Amino acid sequence: MERTPPPLTGNERETLRAYLDYHRATLAWKCEGLGDEELRRASMPPSTLSLLGLVRHMAEVERHWFRRTLGGEDVPHLWSDTHDFQAAYDATDATREEAFAAWRAEVEHSRRVEAAAASLEVTAHVPSWKEDASMRLIMLHMIHEYARHNGHADFLREAIDGTTGA
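Residues numbered from 1 in each chain as written. Predicted model: local features only at pLDDT ≥ 70, side-chain atom pairs only at ≥ 80, totals over all residues. Heavy atoms only, no water.

Student: Explain the packing of helix α3 (residues 51–70) against helix α4 (residues 96–116) residue by residue, including any values.
Tutor: Relative to each other, α3 and α4 sit at 25°, their axes nearing to 8 Å. Considering their axes alone, α3 and α4 lie roughly parallel with respect to each other. Both α3 and α4 take part in a crossing whose hand is left-handed. Along the contact surface, α3 presents L52, V55, R56, M58, A59, E62, R63, F66, R67 and L70, while α4 presents R96, E98, A99, F100, A102, W103, E106, V107, H109, S110, V113 and E114. (Axes fitted to C-alpha atoms, helices over the stretch in contact; angles between N-to-C directions. Helix = DSSP H or I, 4+ residues; strand = E, 2+ residues; numbered from the N terminus. Parallel < 35°, antiparallel > 145°, perpendicular 65-115°, else oblique. Left-handed = near helix turned anticlockwise from the far one by under 90°. Contact = heavy atoms within 4.5 Å.)

Student: Account for the environment of R67, with residues named and values stated.
Tutor: Its place among the elements puts R67 in helix α3. As a C-alpha pair, R67 and V55 span twelve residues in sequence and 17 Å in three-dimensional space. If we skip the residues at most four places from it in the chain, R67 touches E62, G72, E73, V75, E106 and H109.

This is how it looks when you write it as structure tokens:
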């Protein structure tokens, strides 16, 4: 995934799409060049947070917001039979290949759902919020979710091999 800076000009939808893709690519970049063991390395006790756990979590988040919420699909969680988003963080037996394949598939599906939507004004019901939300808000939420977790990824990567930079 190419990490392209968002445009300095452009319409709202193009800008939101570009920022979301930029943050998606940032997560992939933070994991670049690391093997399974390094990607599974936890931050520090008691936390079990790892780069691979973040990738798995973001696959679940993509699936939830774009496929379930905006797309209306009834699809199960990737790593939980009990609808537990936290299960994705447990990367104990996970591999780069498995996690990234799931994440890339969900990102591609998310892009298709977003591209098919008539506008940013399209709404979908969010059961946990008990209200409808626009695609605009969901895209902003996704940008926030990636940005927050990319901050975690910064610290995780630095602890693994000293690599820093956004």
